[in-house]
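# Notes for the structure review
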Amino acid sequence: MEVQIESSWKNVLKDEFEKSYFGQLTTFLKFEKAAGKIIYPPGSLIFNAFTQTPFDNVKVVILGQDPYHNPAQAHGLSFSVPEKIPLPPSLINIFKELKTDLGVEPPQSGNLTKWAKQGVLLLNSSLTVRQNEPESHARAGWTIFTDEVIKKISGQRTGVVFLLWGRYAHEKQQLIDETKHFVLKAAHPSPLSANKGFFGCKHFSKTNEILMSEKKSPIDWSIN
C-alpha cells in the first residue's frame, strides 16, 4: 500500500502499511468520506507530526489521545492548533505551566510546529476523528499503528524523553524501554485534571536537563 508519509518514517514503518489492520483502517476512512462524514484533520495533514519531525530527529515525544474534533482546530500535531485559532483549554494550561516552569510568556498562537521542528514528536494516539464526535475513530486501527510508532522509537533510538500526560498516555509506558529512554508522567493538562499534578510538574525544564545530560541540544519552548 502506498502511503504518503515522510521518507524516514516510511522506511521505519513500511511493514505496518502492508498489514491487514492498516488496510481495514484505510477502507474505514474511505467509507466515512463516502458517507459524507467530515473528518479532521484534512487528509494532507493526517501525518503532519511525522512530516515535521523525521524519525532521526525525534528527541521528545508528547502523546495526545484524539485530534481536536471542532472545525479548523486539528492540523495533525497533538495539543496544537493552527495560527489564529483560539487556544483550547488544555493548551492554555500547557502554556501556564510553561510560564511557571521556565518563565516563557504565554503566546497568542497555539501552533506548536516550532516545537515539532526541533525534535518534539507531537503524536496523537488516533490520527483522525469525526467532526464533533470525540474518540469516533479510536477503534478504527489507529492505536495499533501509533503503538508501533512508539515501539519503533523505543527500539531504534536512544535517550528520547517521553512526556505522558494523563491516564491514557500513562498506559503507553509499557511500550517504552526505560533502560534506554526517559519517561516523565503527570496529570492531563485538561481543566478537569491540571490541578491534580500537571501544574508544577516542570516537565519542560526537566526535559531540557535530560537532553543536555545526553549531549543533545535543549528545546526552545517559546512560540513567539
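Since we're looking at a predicted model, the values are computed, not measured.

## Some thoughts on the pairing of strand S5 (residues 161–165)
Across the five residues that make up S5, a large majority, five, are buried. Side chains of S5 alternate between two faces, with Val 161, Leu 163 and Trp 165 and Phe 162 and Leu 164 buried alike. Sheet analysis places strand S2 (residues 60–64) next to S5, joined by three bridges and oriented parallel. The residue of S5 that forms the bridge with Ile 62 is Leu 163. Here S5 pairs with strand S6 (residues 182–186) via five bridges, running parallel. The residue bridging Trp 165 from the neighbouring strand is Ala 186, located in S6.

## Quick look at the pairing of strand S3 (residues 120–124)
Among the five residues of S3, five are classified as buried, and the element is accordingly described as predominantly covered. Burial along S3 is two-sided: the residues Val 120, Leu 122 and Asn 124 and Leu 121 and Leu 123 are all buried. With five bridges connecting them, S2 and S3 associate as parallel partners. Opposite Val 61, over in S3, you have Leu 121 as the bridge partner.

## Details of empty space enclosed by the protein
To find leftover empty space, a probe the size of one water molecule is rolled over the atoms. Per the stated rule, a full pass over the model turns up one cavity of 30 Å³ or more. Lining of the largest cavity is provided by Pro 41, Ile 46, Ala 49, Pro 67, Gly 76, Leu 77, Ser 78, Leu 122, Leu 123, Asn 124, Ser 126 and Leu 127. When residues in the lining of the largest cavity are grouped by element, the largest group, three residues, is from S3. Along the lines of polarity and charge, the residues of the lining of the largest cavity split into eight nonpolar, four polar and no charged.

## Examining the environment of Phe 28
As for its position among the elements, Phe 28 is in helix H2 (residues 20–34). A relative accessible area of 25% means that Phe 28 is categorised as partly exposed. Distance from Phe 28 to Gly 141, taken between C-alpha atoms, is 9.3 Å for residues 113 residues apart in sequence.

## Regarding the packing of aromatic side chains
Applying the stated criterion across every chain, the model contains 19 aromatic pairs. Summarising the aromatic geometry, the rings of Phe 22 and Trp 142 are spaced 6.3 Å apart at their centres and angled 85 degrees between planes, so their arrangement reads as edge-to-face. Linking Phe 22 in helix H2 with Trp 142 in helix H6 (residues 142–156), this pair joins segments that are 120 residues apart in sequence. The same class applies to Phe 22 and to Trp 142, which are both buried. Measuring from ring centre to ring centre gives 5.1 Å for Trp 165 and Phe 198, while their planes differ by 80 degrees; the resulting arrangement is edge-to-face.

## Here's the deal with the pattern of salt bridges
Following the criterion strictly, the structure yields seven salt bridges and no others. Measuring nitrogen to oxygen at the nearest pair gives 2.7 Å for the salt bridge that ties Arg 130 to Glu 32. With Arg 130 in strand S4 (residues 129–130) and Glu 32 in helix H2, the pair connects residues that are 98 residues apart, well separated along the chain. When sorted by exposure, Arg 130 lands in the same class as Glu 32, which is buried. Of the charged contacts, one joins Lys 114 and Asp 220 as a salt bridge, the two residues approaching to 3.1 Å between their closest N and O atoms. Separated by 106 residues along the polypeptide, Lys 114 in helix H5 (residues 113–117) and Asp 220 in the segment after helix H8 (203–213) bring together distant segments of the chain. Of the residues examined, Lys 114 reaches a relative accessible area of 29% and is grouped as partly exposed. Classification of Asp 220 by relative accessible area gives partly exposed; the value is 36%.

## Quick look at the sheet that holds S5
Pairing within the open sheet is parallel, and its four strands lie in the order S3-S2-S5-S6. Because the sheet does not close on itself, it has two edges, and the strands there are S3 and S6. The mean angle between the axes of side-by-side strands here comes to 20 degrees, regardless of whether they run parallel or antiparallel. Each of S2, S3 and S5 touches H6; the most contacted strand, S3, lies at about 155 degrees to it.

Rules of the game
- Residues numbered from 1 in each chain as written.
- Predicted model: local features only at pLDDT ≥ 70, side-chain atom pairs only at ≥ 80, totals over all residues.
- Heavy atoms only, no water.
- Buried < 20%, exposed > 50% of the residue type's maximum accessible area, 1.4 Å probe, protein only.
- Helix = DSSP H or I, 4+ residues; strand = E, 2+ residues; numbered from the N terminus.
- Pairing = 2+ DSSP bridges.
- 1 Å grid on protein atoms, 1.4 Å probe; cavity = no way out; pocket = protein on both sides within 12 Å on 5 of 7 lines; lining within 4 Å.
- Points joined across faces, edges and corners; volume = space filled by probe spheres on them.
- Nonpolar A, V, L, I, M, F, W, Y, C, P; charged D, E, K, R; others polar.
- Phe/Tyr/Trp six-rings, centres within 6.5 Å; stacked < 30°, edge-to-face > 60°.
- Salt bridge = Lys/Arg side-chain N within 4 Å of Asp/Glu carboxyl O.
- Axes fitted to C-alpha atoms, helices over the stretch in contact; angles between N-to-C directions.
- Contact = heavy atoms within 4.5 Å.

Just distances and angles here, no functional claims.
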